[in-house]
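Structural description and commentary
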Amino acid sequence: MAVSMKTSAKLQQNVFKIYRYAHSNANVTPIVGSVPVNSKAAVKLAAWMRFYENFIGLTDVKNAQDRVLQAEKKFLENQELRRERQFQIQQVRDRKSVV
């Protein structure tokens with residue numbers, strides 16, 4: 001049984017809608033076709049998707065990515081602070097050379 005590309009793309013879009021709903025905190029209930037995403041089947045699919053993500057380690061990867069982003073933000077803040085201090089040191093050196 002072959003599935004056409006159009007049908008496959010539509011199915012993929014619907015799965016992504018369910019996926020986004022399962023991972024959002026929104027109170028909005030998206031509709032897939034004429035079936036609300038929070039239907040029993042959609043909730044079951046979302047639960048299976050979370051299980052699959054945990055099984056293959058995608059959840060750990062996402063958590064690691066969040067930690068990397070936080071570390072990057074902290075690094076950039078410290079880098080900016082270092083530049084400010086370097087500028088202040090240069091100002092002191094310039095005043096010292098004038099005296």
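Just so you know, these numbers come straight off a predicted model, no measurement behind them.

Thresholds applied
- What you see as residue numbers is a count from 1 along each chain, following the sequence as written.
- Only residues with pLDDT of at least 70 get local features here, since the model is predicted, and only at 80 or more are side-chain atom pairs given and counted; chain-wide, interface and lining totals rely on the full set of residues.
- To get the side-chain values, all heavy atoms of the structure are used, and hydrogens and water are removed first.
- Note on conventions: DSSP H or I runs of at least 4 residues are helices, E runs of at least 2 residues are strands, and numbering of each starts at the N terminus.
- Each residue gets one of three labels from its accessible area relative to the maximum for its type: buried under 20%, exposed over 50%, partly exposed in between, using a 1.4 Å probe on protein chains only.
- In this analysis, two residues are considered to be in contact whenever any of their non-hydrogen atoms come within 4.5 Å of each other.
- Note that accessible areas follow from Shrake-Rupley with a 1.4 Å probe, and for residues the cover is restricted to the protein chains shown.
- To estimate the expected span of a helix, subtract one from its residue number and multiply by 1.5 Å.
- Whenever a helix is involved, its axis is fitted only over the stretch in contact; in every case the axis is a line through C-alpha atoms, and angles between N-to-C directions fall within 0 to 180 degrees.
- Orientation categories follow fixed angle ranges, with anything under 35 degrees roughly parallel, anything over 145 roughly antiparallel, 65 to 115 roughly perpendicular, and all other angles oblique.
- Residue polarity is assigned by list, with Asp, Glu, Lys and Arg as charged and Ala, Val, Leu, Ile, Met, Phe, Trp, Tyr, Cys and Pro as nonpolar; anything else, Gly included, falls into the polar class.
- Salt bridges are defined by distance alone: a side-chain nitrogen of Lys or Arg within 4 Å of a carboxyl oxygen of Asp or Glu.
- Between 30 and 60 degrees the pair is tilted, below 30 it is stacked and above 60 it is edge-to-face, where a pair is any two Phe, Tyr or Trp rings, Trp via its six-membered ring, whose centres lie within 6.5 Å.

Let's talk about the overall build of the chain
Check the secondary structure of the chain and you find 3 helices and 2 strands. Shown N-terminal to C-terminal, the secondary structure of the chain runs as helices and strands in the order α-β-β-α-α. A total of 99 residues make up the chain; the buried ones form 10% of that total. For the chain, long-range pairs separated by at least 24 residues make up 38% of all intrachain contacts whose partners lie at least 6 apart in sequence. For the chain, the exposed area adds up to about 8800 Å²; of that, 60% sits on carbon and sulfur atoms.

Quick word on helix α2 (residues 40–56)
Residues spaced three or four apart along an α-helix point in a common direction, a consequence of the helix completing one turn every 3.6 residues. Counted at 1.5 Å a residue, the expected span for α2 with its 17 residues is 24 Å, and the 24 Å between its end C-alpha atoms agrees. Trailing α2 by a residue or two, G57 shows a phi angle of about 90 degrees, which is positive.

A look at the packing of α2 against helix α3 (residues 58–98)
For the pair α2 and α3, interaxial distance at closest approach is 5 Å and the crossing angle is 75 degrees. When the axis of α2 is compared with that of α3, the two are roughly perpendicular. Across from E53, N54 and I56 in α2, the residues of α3 making contact are L58, T59 and K62. Class assignment of the residues belonging to the contact of α2 with α3 gives a composition of 2 nonpolar, 2 polar and 2 charged.

Overview of the pattern of salt bridges
Going through the model one piece at a time under the given rule, you end up with 2 salt bridges. Between K62 and E53 there is a salt bridge whose closest N-O contact spans 3.6 Å. Judged by its relative accessible area of 27%, K62 is partly exposed. In this structure, E80 and R83 form a salt bridge, with 3.9 Å as the shortest nitrogen-oxygen distance. Here R83 and E80 lie together in helix α3, a separation of 3 residues that amounts to about one turn. Looking at R83, the relative accessible area reads 46%, which means it is partly exposed.

Focus on the packing of aromatic side chains
Tallied over the full model, the rule gives 2 aromatic pairs. Measuring from ring centre to ring centre gives 5.7 Å for W48 and F51, while their planes differ by 85 degrees; the resulting arrangement is edge-to-face. Within this pair, W48 and its partner F51 are both found in helix α2, separated by 3 residues, close to a single helical turn. We classify W48 as exposed; its relative accessible area is 53%. Ring geometry for F51 and F55: centres 6.2 Å apart, planes at 20 degrees, overall stacked. You can see F51 and its partner F55 sitting in helix α2, 4 residues apart, about one turn around the helix. Linked through ring pairs, W48, F51 and F55 together constitute an aromatic cluster.

Everything listed is a geometric property; what it means functionally is a separate question.
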